[in-house]
Amino acid sequence: MLFKRKKRTADIDRKGVSELVRALGKDRVLTEIEDRLCYSYDGTKQKAVPDIVIRPGTTSDVAATLKIANRHGIPVCSRGAGTGLSGGAVPLQGGIILDLKGMNRILSICPEDFTATVEPGVVTKYLQDEVAKYGLFYPPDPSSAAFSTVGGNVAECAGGITGLKYGVTRDYILALEIVLSDGSVIHTGRKTRRSVTGYDLTRLFVGSEGTLGIFTKITVKLIPEPEKIETLAAFFSERDDAIDAADLVIENSILPRTLEFMDHMSISAVRGYGGITLDEGVKALLLIDIDGTGENIKHDLPIVESACRKKNALKVKVAETGKERNAIWSVRRSISPALYTIASHKLNEDVCVPRSKIKELLQKIDTINEKQEIFVANFGHIGDGNIHVNIMYSDEPGQEEIAESVVQRVMEEVVELGGTISGEHGIGNRKSQFMELEISPQELSIMKKFKDFFDPKGIMNPGKLFPSSL
Amino acid sequence: MTTYERQKFEVFSGLKGSRLLMSDDWKEEVSKCSKCGKCHTVCPVFLETHDESSVARGRISLAEALLDQQIVYTEKLRDYVYSCKKCMRCRKVCPSDVDYEKIISALLHGVAENMGIPLLPKIIFRYILPRRILFDILLKVSSRVQRFMPMKKRGQMRHLPLLFMGKRWIPTLARKSALQKFRKTKKIKNPRMRVGFFTGCLINYIYVDVAEAVVEVLNRMNIEVVVPQRQLCCGTPSSTMGDVKSTKRLAEENRKVFESLELDAIVSACATCTKAIKNDYLRILGPSWKQMSDKIYDISEFIDTFIGDIPGVKPLEEKVTYHDPCHLLWVRNISEEPRSVLKKSSRFVEMDMADACCGGGGIFTIIHYDLTLKMLERKVNSIEKSGAATVATNCPGCVMQIADGLASRNSTIKTTHSIKILQEALRKSEART
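This section reports on the structure supplied with the text. (Residues numbered from 1 in each chain as written. Chains lettered and ligands numbered in written order. Predicted model: local features only at pLDDT ≥ 70, side-chain atom pairs only at ≥ 80, totals over all residues. Heavy atoms only, no water.)

Re the overall build of chain A
Condition: Only DSSP runs of H or I covering at least 4 residues are called helices, and only runs of E covering at least 2 are called strands; the numbering of each starts at the N terminus. Residue contacts follow a heavy-atom distance rule, with two residues in contact if any of their heavy atoms lie within 4.5 Å. Each accessible area value is a Shrake-Rupley result obtained with a 1.4 Å probe; residue values ignore everything except the protein chains displayed when judging cover. Counted as positive: Lys and Arg. Counted as negative: Asp and Glu. His and the chain ends are not counted at all. Here the site of a charge means atom NZ of a Lys, CZ of an Arg, CG of an Asp or CD of a Glu.
Check the secondary structure of chain A and you find 16 helices and 18 strands. Each principal axis of the C-alpha atoms in chain A carries an extent, and together these give about 70 × 60 × 60 Å. Counted over contacts in chain A with a minimum sequence separation of 6, partners at least 24 positions apart contribute 71%. If you sum the accessible surface of chain A, you get close to 19400 Å²; carbon and sulfur atoms cover 50% of it. Computed over 59 positive and 64 negative side-chain charges, the separation of the two mean positions in chain A equals 6 Å.

Below you can see the structure in the form of structure tokens.
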């Protein structure tokens, strides 16, 4: 070897660690500070350093970990790729972080049953690509699909751009293998496309954010891959026109694969980012993908185009080549980073309102930010009513407080309009304070009872989902 | 309910007082990282380990912890810093445009300053690399010694005296270096351009045939090629071990050499050297290097830009595929140019994942040999699947790595530099006419 090594003792030597090492082997139990720091954050940029990092390889590793953790009362926070946007994977109270990225095998793909079974650490895009080889399609498509894991997507019930037509992660989970807080293993659901036997525990666990159990095997539902996709971009000078056009498309009984919206602020952030030219006059943008057979598309595309034109689109551009399609989508994908050119901090809220209330929601946001003390950019999945409200603020004193008060008021308005405070990112710790806006005390207490039943010692991802008062 | 007691953060007492060093510009880059995790998608090391400590986001967090004085430089930290291949592919996909190279260079420098550089590399960087004559003598002795090494295979042999990597097939050292071969510049009547050739160590001492190809091809295109005799190593080996001082010294010497000549352009056939002298020197030597930097080209880039349609060339019958060297593709965005030249000189076939790292490169291959092999295996699989008879690339480091992988599988596929394909095509076309 190139270097001589000094022997170093582990940072922490406490109850549980030696038991974990005995049960899992020392390669799977990391306690040195450098490792712990590498598992201390997620996509929210929050940071809390765990005391132990566990990298399990099998279900029994996970079970052994939870058994020991439960006995000693050590908090356990599970983590896929750590890309979440609500703080779900940040080990707020220390303890164990369970890194499931190493459990990343596709266990089976059954084209005849239209199902696939995977371990939680499989990257979503990898699953999509592998099933596509059989002409199959796994639709949930969060923007992070290329690097987030299926396990993480299930835990947060991730959404994505195909939600309007194909639904979200929840709609594709058939069965789960789950390790409970005491280390016992249960199997919920069946590998069948329908099952009404008993309560739907699978659905209870999807979106439970690691507070009820840890998924070790996930069976997903697949559908046939659509034959063809066409992409269209429509440019508007008025925000309301774009919203009306989106409505008109759906009123014409066309359900696009994706129906994305960008407002004036989002557009000005990506102007000049390449992809497509965005003139100064463009104040709103719709990006529409339609899919199906060649015949379907031949029928649908002109209707979508004319709907946009009828609602005063300045220009409608249909991508003619794959390259053009990518160029159009690259504009959408560059919003998030481009927003940082406006200000250095971002609060990215993923609120969702009934589709009919979108116009109203955006007007309310304008009113909240009437004095324009802060920049707010809105874009997202207009087809589902899931709008990303991005509140941008700088380091200047007072800005953070203004940003937070804007978030608070946006949340209130959303709930008032019959919407929800999280359409796809989950609650984590970032939104737990708003839970009571949307969920009644009675419902919250039912949820808490579930939590206490599955996790009597409260070791599963503490500090998440429930408001701190509970 | 049990309340769990949190472990307190402790700085290791024995290692207090690490120096953080350097300019502030990297600190700003650290804070730019939005922790989105997109670097996971492209990092060749992460693809093998799935470990957060082996990807940019993890190392940036470690840099952040250093700045916050939560940790100090330790062996573990050094391992994680050294596990970066510096391919800079993550830089390319980063949505927040974090200049990761600044951060990793600062970390490497910090490791070197706080933990030292092992003796052997230190001697090489500080005393041998800056002295061309001493370097020549040592390599000449090595080339004599290696003749007595057992086990040879198609110009490759087991062991290189310095590395003791028993399993590898490594090319033999040339008896006469490229610099010695091209002491005199071949004069061209009314040359269309006069270019300098930066050979780099691998081409100078091992792949002398690549240097010959560069000079021959350019001469055939009516271009005069100057091979400055006093040029030194580009400095990449020392910079990858954080030896900023040695790197700077090499950069300054090379600046003197190339600025003293009146050249229309400088070409290099090594992706890493090109990156170093074109991009890294801007950071090391400052903006005054800009004028020279603009004149530096990869050999294929140069040919495609200035020659375009190569006069008199007929493509070879041979099927050739191309491997993208990381430093050419991810740092310089060069991918079309080498392919364009290869298409004109052979039957070009594309391979799957041509842009995947071959695993070669510097100390990474020594420290993480197991990971290197995994990357190499993927690469060799793609090459074999492509159906090509030859794999060409624009980096002698990649040539060495891929040749090793193919040799250990007893494959008949040849590995070469793409300029050699053009050389052969030109020679054959001439013979036919």
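On we go.
Here's the deal with the overall build of chain B
Our working rule: Three exposure classes are used, based on accessible area relative to the maximum for each residue type with a 1.4 Å probe and protein chains only: buried under 20%, partly exposed in between, and exposed over 50%.
If you tally the helices and strands in chain B, you get 22 helices and 11 strands. The 433 residues of chain B split such that 58% are buried. Long-range pairs, those at least 24 residues apart, make up 78% of the contacts in chain B between residues at least 6 apart in sequence. For chain B, the exposed surface amounts to about 18500 Å²; the carbon and sulfur share of it is 53%.

Comments concerning the environment of A:Leu92
Residues and elements named next belong to chain A. If you trace the backbone, leucine 92 turns up in the loop between strand E3 (76-79) and strand E4 (96-99). Its relative accessible area of 31% is what places leucine 92 among the partly exposed residues. As for leucine 92 and glycine 463, which are separated by 371 residues in sequence, their C-alpha atoms are 6.7 Å apart.

A look at the interface of chain A and chain B
Rules: A simple way to read buried area is as the amount of 1.4 Å-probe accessible surface that goes missing from two parts once joined, with both sides added. Just to be clear on terms, a salt bridge is a Lys or Arg side-chain nitrogen sitting within 4 Å of an Asp or Glu carboxyl oxygen. We define a polar contact as two N or O atoms separated by no more than 3.5 Å, with the added condition that, inside protein, one atom must be a possible hydrogen donor and the other a possible acceptor, whereas residues neighbouring each other in sequence contribute only through side-chain atom pairs.
Contact residues are listed per partner, giving 45 residues for chain A and 46 residues for chain B. Buried surface at the junction of chain A and chain B, both sides included, amounts to about 4000 Å², of which 56% is carbon and sulfur. Counting every contact that joins chain A to chain B gives 5 salt bridges. In this structure, the salt-bridge partner of A:Arg79 is B:Glu52, at a minimum N-O distance of 3.6 Å. Summed over the shared surface of chain A and chain B, the result is 16 residue pairs in polar contact (both at pLDDT 80 or more). Counting residues per element, the side of chain A that touches chain B draws most heavily on helix H2 (residues 33-38) of chain A, which supplies 5 residues.

Brief notes about a positive patch on the surface
As a reminder, the rule being used: Patches here are clusters of residues that have more than 30% relative accessible area and form no salt bridge, with a 9 Å joining cutoff for like charges and a 5 Å cutoff for nonpolar side chains (Val, Leu, Ile, Met, Phe, Trp, Tyr).
Together, B:Lys140, B:Arg144, B:Arg175, B:Lys176 and B:Arg183 line one region of the surface with positive charge. One can find B:Lys176 in the loop between strand E3 (169-171) and helix H9 (178-181).

Remarks on the environment of A:Arg36
All names here are of chain A. Inspection of the secondary structure puts arginine 36 in helix H2. Of the residues examined, arginine 36 reaches a relative accessible area of 6% and is grouped as buried. As a C-alpha pair, arginine 36 and threonine 117 span 81 residues in sequence and 30 Å in three-dimensional space. A distance of 2.9 Å separates a polar atom in the side chain of arginine 36 from the backbone oxygen of threonine 31.

Topic: helix H14 (residues 399-416) of chain A
Every α-helix carries 3.6 residues per turn, so stepping three or four residues along brings you back to the same face. All names here are of chain A. This is how the line gets drawn: Helix span, as expected, comes to 1.5 Å for every residue beyond the first. Relevant arc is that of directions from the helix axis to the C-beta atoms, nothing else.
Between its first and last C-alpha, H14 extends 26 Å over 18 residues, near the 26 Å set by a 1.5 Å rise per residue. Taken residue by residue, H14 has Gln399, Ala403, Val406, Val407, Val410, Met411 and Val414 as its buried positions. Along the axis of H14, the buried residues cluster in a sector spanning 135°; they form a single face. What points out from H14, more than 90 degrees from its buried face, is the exposed set Glu401 and Glu416. Residues of H14 that are buried make contact with strand E16 (345-352), helix H13 (358-368), strand E18 (386-393) and helix H15 (435-438). Of the residues flanking the end of H14, it is glycine 418, one or two places downstream, whose phi is positive at about 85°.

Here's the deal with the sheet that holds E4(A)
Residue and element names in this part refer to chain A. Using the following cut-off: Two strands qualify as a pair provided DSSP detects at least 2 bridges between them. To define axes, lines are fitted to C-alpha atoms, for helices over the stretch in contact only, and angles between the resulting N-to-C directions are given on a 0 to 180 degree scale.
In space, the 4 strands of this open sheet follow the order E1-E2-E4-E3, with mixed pairing throughout. Strand pairing shows two members of the sheet lacking a second neighbour, strand E1 (29-30) and E3, which therefore form its edges. As defined by bridge partners, E1 adjoins strand E2 (residues 52-54) across 2 bridges and the pair is classed as antiparallel. From the neighbouring strand, valine 29 faces E2, where its bridge partner is isoleucine 54. Sheet contacts for helix H3 (residues 59-72): E2, E3 and E4; angle to E4, the most-contacted strand, approximately 170°.

Here we look at the packing of aromatic side chains
All names here are of chain A. To keep it simple, the criterion reads: Between rings of Phe, Tyr and Trp, where Trp is taken as its six-membered ring, a pair exists when centres lie within 6.5 Å; planes separated by under 30 degrees are stacked, by over 60 edge-to-face, and by other angles tilted.
Under the counting rule described, the total for this entry stands at 10 aromatic pairs over all chains. For the ring pair phenylalanine 205 and phenylalanine 454, a centre distance of 5.1 Å and an interplane angle of 75° mean the geometry is edge-to-face. Linking phenylalanine 205 in helix H7 (residues 201-205) with phenylalanine 454 in helix H16 (residues 441-454), this pair joins segments that are 249 residues apart in sequence. Assessed through its relative accessible area of 10%, phenylalanine 454 is described here as buried. Relative to phenylalanine 454, the ring of phenylalanine 453 has its centre 5.2 Å away and its plane inclined at 85°; by these criteria the two rings are edge-to-face.

Quick look at the pattern of salt bridges
Residue and element names in this part refer to chain A. This structure, assessed with the given rule, holds 58 salt bridges over all chains. With a closest N to O distance of 3.9 Å, glutamate 295 and lysine 298 form a salt bridge. Of this pair, glutamate 295 and lysine 298 are both found in helix H10 (residues 294-310), 3 residues apart, which corresponds to roughly one turn of the helix. We note that glutamate 295, like lysine 298, is exposed.

What to know about the sheet that holds strand E8 (residues 173-180) of chain A
The strands that make up a sheet pair up through hydrogen bonds in the backbone, lying either parallel or antiparallel. All names here are of chain A. Taken in spatial order, the 5 strands line up as E5-E6-E10-E8-E9 in an open sheet, and their pairing is antiparallel. Pairing within the sheet leaves two strands with one partner each, and these edge strands are strand E5 (106-110) and strand E9 (185-189). Within this sheet the neighbouring strands show an average axis-to-axis angle of 15°, counted without direction. Bridging between E5 and strand E6 (residues 115-118) involves 4 bridges; their strand directions are antiparallel. Its bridge partner lying in E6, isoleucine 106 is registered against valine 118.

Thoughts on a nonpolar patch on the surface
Together, B:Ile133, B:Ile137, B:Val141 and B:Val145 make up a nonpolar patch on the protein surface, roughly 380 Å² of accessible area in all. Within the secondary structure, B:Ile137 sits in helix H8 (residues 132-145).

Details of the side chain of B:Glu224
Residues and elements named next belong to chain B. Position of glutamate 224 relative to the elements: it lies in strand E5 (residues 223-226). Side-chain polar atoms of glutamate 224 contact the side chain of arginine 194, separated by 3.1 Å. Residues contacting glutamate 224, with those up to four places away along its chain left out, are Thr185, Lys186, Lys187, Ile188, Pro191, Met193, Arg194, Val195 and Asn219.

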